[in-house]
Amino acid sequence: MKPRSKNLLCKAVEALIAAIEIYNKPVFGYREETFAILAVNAWELLAKARLLQLAGNKMSAILEYAPRIKANGDKTEKAYRRRNKAGNAITVGLFKALDRLGADYGAAVDAPIRQNLEAIAEIRDNAVHFANKDLAFAKSFHEISSATVANFVQAARIWFGDDLSDRRMFLMPLAFISGVSTVPGLSMNGEERHLARYLEDLKSADTGHDGNFAVALTVEISMKRTKDGSGSPFSVTRDPSAVMVRLEEADIRETYPWEYSTLRVRLRNRYENFKENSAYHLIRKELEKDSRFCRRRLLDPGKPDGTKKNFYSPNILREFDAHYTRRKPSSSPE
């Protein structure tokens, strides 16, 4: 049975594939708007999958919580799950999910990803105003949406070890979709000009980042399946006579999802007397020797010669319980 995070990851991939297939259709009048709607949905699912992965697949990580109103009009101290009219629990939206990644797990997304998603969400929210899309808008949208896809593929690989290179995750060049050599006679209306100006400003603000992600792409993207074997031998025990289990990169990423920054944030949230001092580092370094709690692996599985670093299993938290004092339960879930 797949963990919840993997199920959401699969849904996210399918949502993005649907967005790409719609965009690449030769004749489709609602191309940009539909792509924006589905792409935002895909990224929201991806962000929630990442939250679940970091939270050990606890649903509380992606649910909305709010206090209830008492009979006297006051709010309760405890926060409860918000529910929709059907009685189902409400989950967080895209940008709240991104906020939780940083605040609760020290795993904030790179600034170019957020800026790109803000642009795509703005296009989605302004879809009702699109009447006469001219060439300038189509070109800006193509550059930004291409980055949306490329960022998604890169994030899925880094976060989950998932190689999507065989899924045709690319947008067709504009020349193959429609004749870009001729500019439509209709010009943009006021709302379209405002949005086009916003997109251009956002692209021009895309400055220094590490190169993994981008706000907009103006170059062609070529993706290939990696041919190096990324699976690694792994044993959950030090007993040499134990049965060995071979895990693929995606399985390793699911078992050891935390970077050091995430571990630090979770420890601060969990204990009232936690300090990042020499005593803590001694405890941590001893636990890092145990393969149940820590594994050293590539930061980016797609770069076999890249930087290696430690990744941690959420189970490591229980080992710190013997050294620190747990915080009292708060009004909201952990």
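This report concerns the structure included in the present document. (Residues numbered from 1 in each chain as written. Predicted model: local features only at pLDDT ≥ 70, side-chain atom pairs only at ≥ 80, totals over all residues. Heavy atoms only, no water.)

Points about the environment of serine 5
For step 1, the next point in the chain: Among the secondary structure elements, serine 5 is positioned in helix α1 (residues 4-23).
For step 2, the next point in the chain: We classify serine 5 as buried; its relative accessible area is 0%.
For step 3, the next point in the chain: Through-space distance from the C-alpha of serine 5 to that of glutamate 254 is 8.4 Å; in sequence the pair is 249 residues apart. (Helix = DSSP H or I, 4+ residues; strand = E, 2+ residues; numbered from the N terminus. Buried < 20%, exposed > 50% of the residue type's maximum accessible area, 1.4 Å probe, protein only.)

Concerning the packing of aromatic side chains
For step 1, the next point in the chain: Summed over the entire model, instances satisfying the criterion amount to 10 aromatic pairs.
For step 2, the next point in the chain: When the ring of tryptophan 43 is compared with that of tryptophan 159, the centres are 6.4 Å apart and the planes differ by 90°; the resulting orientation is edge-to-face. Within this pair, whereas tryptophan 43 is found in helix α2 (residues 31-54), its partner tryptophan 159 is found in helix α5 (residues 135-160), the two being separated by 116 residues in sequence. An identical accessibility class is assigned to tryptophan 43 and tryptophan 159; each is buried.
For step 3, the next point in the chain: Ring geometry for tyrosine 271 and tyrosine 324: centres 5.4 Å apart, planes at 35°, overall tilted. With tyrosine 271 in the loop between α9 (260-270) and α10 (278-287) and tyrosine 324 in the segment after α11 (316-320), this pair connects stretches of sequence that are 53 residues apart. (Phe/Tyr/Trp six-rings, centres within 6.5 Å; stacked < 30°, edge-to-face > 60°.)

What about unusual backbone geometry?
Generally, phi is negative for residues other than glycine and the peptide bonds are trans, each holding for most cases.
For step 1, the next point in the chain: Even without a glycine there, the phi angle at asparagine 57 is positive, about 65°.
For step 2, the next point in the chain: Topologically, asparagine 57 is positioned in the loop between α2 and β1 (65-69).

Brief notes about the pattern of salt bridges
For step 1, the next point in the chain: Applying the stated criterion across every chain yields a total of 13 salt bridges.
For step 2, the next point in the chain: Glutamate 118 is the partner of arginine 114 in a salt bridge, and the nearest nitrogen-oxygen pair spans 3.8 Å. Placement of both arginine 114 and glutamate 118 in helix α4 (residues 111-125) is noted, with a separation of 4 residues, approximately one turn of the helix.
For step 3, the next point in the chain: Judged by its relative accessible area of 24%, arginine 114 falls in the partly exposed class.
For step 4, the next point in the chain: Arginine 264 is the salt-bridge partner of glutamate 276, the closest N and O atoms lying 3.6 Å from each other. (Salt bridge = Lys/Arg side-chain N within 4 Å of Asp/Glu carboxyl O.)

Observations concerning the packing of helix α3 (residues 94-105) against α9
For step 1, the next point in the chain: Packing of α3 against α9 brings their axes to within 7 Å, and their N-to-C directions diverge by 70°. Taken as axis vectors, α3 and α9 run roughly perpendicular relative to one another. Contact with α3, carried on its side by Ala103, Asp104 and Tyr105, involves Ser261, Thr262, Val265, Arg266 and Asn269 of α9 and no other residues of that element.
For step 2, the next point in the chain: For the contact of α3 with α9, the class distribution of residues is 3 nonpolar, 3 polar and 2 charged. (Axes fitted to C-alpha atoms, helices over the stretch in contact; angles between N-to-C directions. Parallel < 35°, antiparallel > 145°, perpendicular 65-115°, else oblique. Contact = heavy atoms within 4.5 Å. Nonpolar A, V, L, I, M, F, W, Y, C, P; charged D, E, K, R; others polar.)

Some details on the nonpolar core
For step 1, the next point in the chain: Core analysis: the largest hydrophobic core is formed by 68 residues, its most contacted members being Phe35, Trp43, Leu46, Ile120, Phe152, Met169 and Phe320.
For step 2, the next point in the chain: Elements with a contribution of two residues or more to this core: α1, α2, α3, α4, α5, α9, α10 and α11.
For step 3, the next point in the chain: The element that contributes the greatest number of residues to this core is α2, accounting for 13 residues.
For step 4, the next point in the chain: Setting aside residues no more than four positions away along its own chain, phenylalanine 320 makes contact with Leu263, Leu267, Tyr271, Tyr280, Ile283, Arg284 and Leu287. (Core = buried A, V, L, I, M, F, W, Y, C linked by side-chain atoms within 4.5 Å.)

Structural notes on the pairing of β1
For step 1, the next point in the chain: As defined by bridge partners, β1 adjoins strand β2 (residues 75-81) across 4 bridges and the pair is classed as antiparallel. By the bridge assignment for β2, isoleucine 69 is matched with lysine 75.
For step 2, the next point in the chain: The turn joining β1 and β2, which pair antiparallel and follow one another in sequence, is formed by 5 residues; a positive phi near 95° is taken by glycine 73. (Pairing = 2+ DSSP bridges.)

Considering the environment of tyrosine 260
For step 1, the next point in the chain: Within the secondary structure, tyrosine 260 is located in helix α9.
For step 2, the next point in the chain: Tyrosine 260 gets classed as partly exposed once you look at its relative accessible area, which sits at 21%.
For step 3, the next point in the chain: For the pair formed by tyrosine 260 and asparagine 310, sequence separation is 50 residues and the distance between their alpha carbons is 7.2 Å.
For step 4, the next point in the chain: The residues touching tyrosine 260, leaving out its near neighbours within four places in the chain, are Glu276, Tyr280, His281, Arg284, Asn310 and Tyr312.

Some details on α9
For step 1, the next point in the chain: For α9, the set of buried residues is Thr262, Leu263, Val265, Arg266, Leu267 and Arg270.
For step 2, the next point in the chain: Lining the buried residues of α9 we find α3, α10, β6 (308-312) and α11.

Limitation: the analysis is restricted to geometry and does not speak to function.
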